[in-house]
Every structure is written in C-alpha cells, then in structure tokens.
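# Architecture at a glance
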Amino acid sequence: MIKVMLAEDMHMIRGAFAALLNLEPDIEVVAEIADGTEILPTAHKVRPDVAVVDIDLPGKDGLTAVSELHEELPDIQTLIVTGLSRPGNLRRALSAKVTGFLLKDAPPDQLADAIRDVAAGRRVVDSQLAMAAWDSAETPLTPRETEVLRLTAEGMQADDIASRLFLSVGTVRNYLTTIISKLGARNRVDAIRIAREAGWL
C-alpha cells in the first residue's frame, strides 16, 4: 500500500484528489493539509511514501517545503501538482529534487499512475511542461536577485529584506534596480509580474 500525503489549499480539489486516490486498491491517503508550513511536521508524524504537493500554497510555497522535506526525510518521494504550466516552475522543481511534476488538469488516472511511478523512484514529468521548459529562456536573475525579488513579492520592504539577508538597505535597493533593468520592467510590481509569468519566482 502506497501512503500518500496531500498538500493542496483548495478544499474542493483536495477532497476530489483524496476521493479519487482512495478508490485505488494500492493507494491510501494518510494526511490532507492546506498550508505549506504543515508539510514537514505532518510528514514526520505520518511518514508517507509520497507527498503530493501543490506548488502555490499559503504559509510556505510548495517548492520551498519540498526542498526542506528532501533535506530532512529523503526517503519520501515528492510529486508537485500545479495549475500553472509555467516552464520555469519545472526547472525550479527539478532543482528542488522533486520526483514528479504534473499539471492539475491531467486526467485523474494519470495522478494515480504518477504516484505509483514516483513511489517506485521513477521520475515523472508532464510532457507538455517538459517541452515548454526545453524551449523557454533561463532566468536572467542571479539566485540572490531572485531571493530579493521573491521577498519583495511577499510584501517585504527594503529594510526588512536587508535585515533578513544581512545586507545594507542600499544594497537591497541596488539589487531591485538591477532586477528591474534586467527584466525590462517599469517598476517592482511589473518585475514581479514578469518573473512570475516566466516561472522564475
């Protein structure tokens, strides 16, 4: 029996996933959670074989939570599901050592098959997404610039970001100016939009 933990913030989708998976003779949903911060403590408690995680979770995004999960409980396989077919997300997922990546609008039987594959240690990547990632541009931002932009997108001000990253406020402002210039954006809000649409955040 494959034990599955579901992390999805939309109640209806989570319920549908759980109902579908519990119909499978070899799959059992052992935990359902709605917030990214619950992933690690829940995984420690129920020890699933596979964690099925939505990429956009409140509290902590799916990829960050999955990276932490991989660090602390490397035996748990992870399958990211997303409604956003942004190729940059796939690259981020692969660098977070995710075992599988599936679009939410995939046929229901594909989810069960993907869970079986990742439980067996096989990598599963949605073919449409793989092709898009192959064709799409790499992020022009450095990891530090991406981090600054991600914190800005979370609503943090320059002085908060500076203290979080142990930088001066001036350095953070310089990063933001560079980011806006690299992305050809009009301002910070536009830079966040461009980076999100490209899947770089």
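Just so we're clear, the structure is a prediction, and the values are computed from it rather than from any experiment.

### Some remarks on the nonpolar core
Core analysis: the largest hydrophobic core is formed by 22 residues, its most contacted members being M5, I39, V53, L69, I80 and V98. Listing elements by their share of this core, those giving two or more residues are β1 (2-7), β2 (27-33), α2 (39-46), β3 (50-54) and α3 (62-72). With 4 residues, α3 is the largest single contributor of residues to this core.

### Some remarks on the sheet that holds strand β5 (residues 100-103)
The sheet built from 6 strands is open, its strands ordered β2-β1-β3-β4-β5-β6 with parallel pairing. Two strands lie at the open edges of the sheet, namely β2 and β6 (124-125), each paired on one side alone. Both β3 and strand β4 (residues 77-82) contribute to a ladder of 5 bridges, which runs parallel. Of the residues in β4, the one forming a bridge with V52 is L79. Of the strands in this sheet, β3 and β4 are in contact with α3, which crosses β4 at around 180°.

### Notes on the packing of α2 against α3
Running from N to C, α2 and α3 point in directions that differ by 35°, and their axes come no closer than 9 Å. In this structure, the crossing between α2 and α3 has a hand that is right-handed. Only A65, E68, L69 and E72 of α3 make contact with α2, whose side of the interface consists of I39, L40, A43 and H44. Of the residues assigned to the contact of α2 with α3, the class counts are 5 nonpolar, 1 polar and 2 charged.

### Quick word on unusual backbone geometry
A positive phi angle, near 50°, is found at R47, a position not held by glycine. Tracing the sequence through the fold places R47 in the loop between α2 and β3. The class of R47 is partly exposed, set by a relative accessible area of 45%. Of note, F166 is a non-glycine position whose phi angle comes to about 60°, a positive value. Along the chain, F166 falls in the loop between α8 (158-165) and α9 (169-182).

### Considering the confidence of the model for the protein
Across the protein, the average pLDDT comes to 89, with 91% of residues at or above 70. Least confident of the elements in the protein is helix α6 (residues 127-135), whose mean pLDDT is 63; most confident is β1, at 98.

### Some details on the environment of E8
Checked against the element boundaries, E8 lands in the loop between β1 and α1 (11-22). For E8, a relative accessible area of 1% gives the class buried. For the pair E8 and I55, spaced 47 residues apart in sequence, the C-alpha to C-alpha distance is 8.5 Å. In this view, E8 contacts I13, R14, I33, A34, D54, L57 and K104; residues no more than four positions away in its chain are not counted. Looking at E8, its side chain comes within polar contact range of the main-chain nitrogen of M10, at 2.8 Å.

### With respect to the environment of E154
Its location among the elements puts E154 in the loop between α7 (143-153) and α8. On a C-alpha basis, the gap between E154 and I192 in space is 10.0 Å, while along the polypeptide they are 38 residues apart.

### Re α1
Since there are 3.6 residues in each turn of an α-helix, residues three or four apart along the chain are aligned in direction. Given a rise of 1.5 Å per residue, 12 residues ought to cover 16 Å, and the 16 Å separating the end C-alpha atoms of α1 matches this to within 8%. Its buried side turned inward, α1 meets β1, β2, β4 and α5 (108-119).

### Details of the side chain of D35
Note that D35 resides in the loop between β2 and α2. Here D35 sits buried without a salt bridge, and the closest side chain of opposite charge, K60, lies 8.0 Å off (N-O distance). Within the structure, the side chain of D35 is placed 2.5 Å from the side chain of T37, a separation counted as a polar contact. With near-sequence residues (within four places) excluded, D35 lies in contact with P58, G59 and K60.

### Section: the packing of α8 against α9
Each pair of packed helices can be summarised by the angle the axes make with each other and by the distance between the axes. At a minimum axis distance of 8 Å, the contact between α8 and α9 shows a crossing angle of 110°. It follows from the interaxial angle that α8 and α9 lie roughly perpendicular. Seen from α8, the contacting residues are A158, D159, I161 and A162; seen from α9, they are V169, V172 and R173. When its residues are assigned to classes, the contact of α8 with α9 shows 5 nonpolar, no polar and 2 charged.

Scoring rules and cut-offs
Residues numbered from 1 in each chain as written. Predicted model: local features only at pLDDT ≥ 70, side-chain atom pairs only at ≥ 80, totals over all residues. Heavy atoms only, no water. Core = buried A, V, L, I, M, F, W, Y, C linked by side-chain atoms within 4.5 Å. Buried < 20%, exposed > 50% of the residue type's maximum accessible area, 1.4 Å probe, protein only. Helix = DSSP H or I, 4+ residues; strand = E, 2+ residues; numbered from the N terminus. Pairing = 2+ DSSP bridges. Contact = heavy atoms within 4.5 Å. Axes fitted to C-alpha atoms, helices over the stretch in contact; angles between N-to-C directions. Left-handed = near helix turned anticlockwise from the far one by under 90°. Nonpolar A, V, L, I, M, F, W, Y, C, P; charged D, E, K, R; others polar. pLDDT = per-residue confidence, 0-100. Polar contact = N/O pair within 3.5 Å; in protein donor to acceptor, adjacent residues only side chain to side chain. Expected span 1.5 Å × (residues − 1). Lys, Arg positive; Asp, Glu negative; His and termini not counted. Salt bridge = Lys/Arg side-chain N within 4 Å of Asp/Glu carboxyl O. Parallel < 35°, antiparallel > 145°, perpendicular 65-115°, else oblique.

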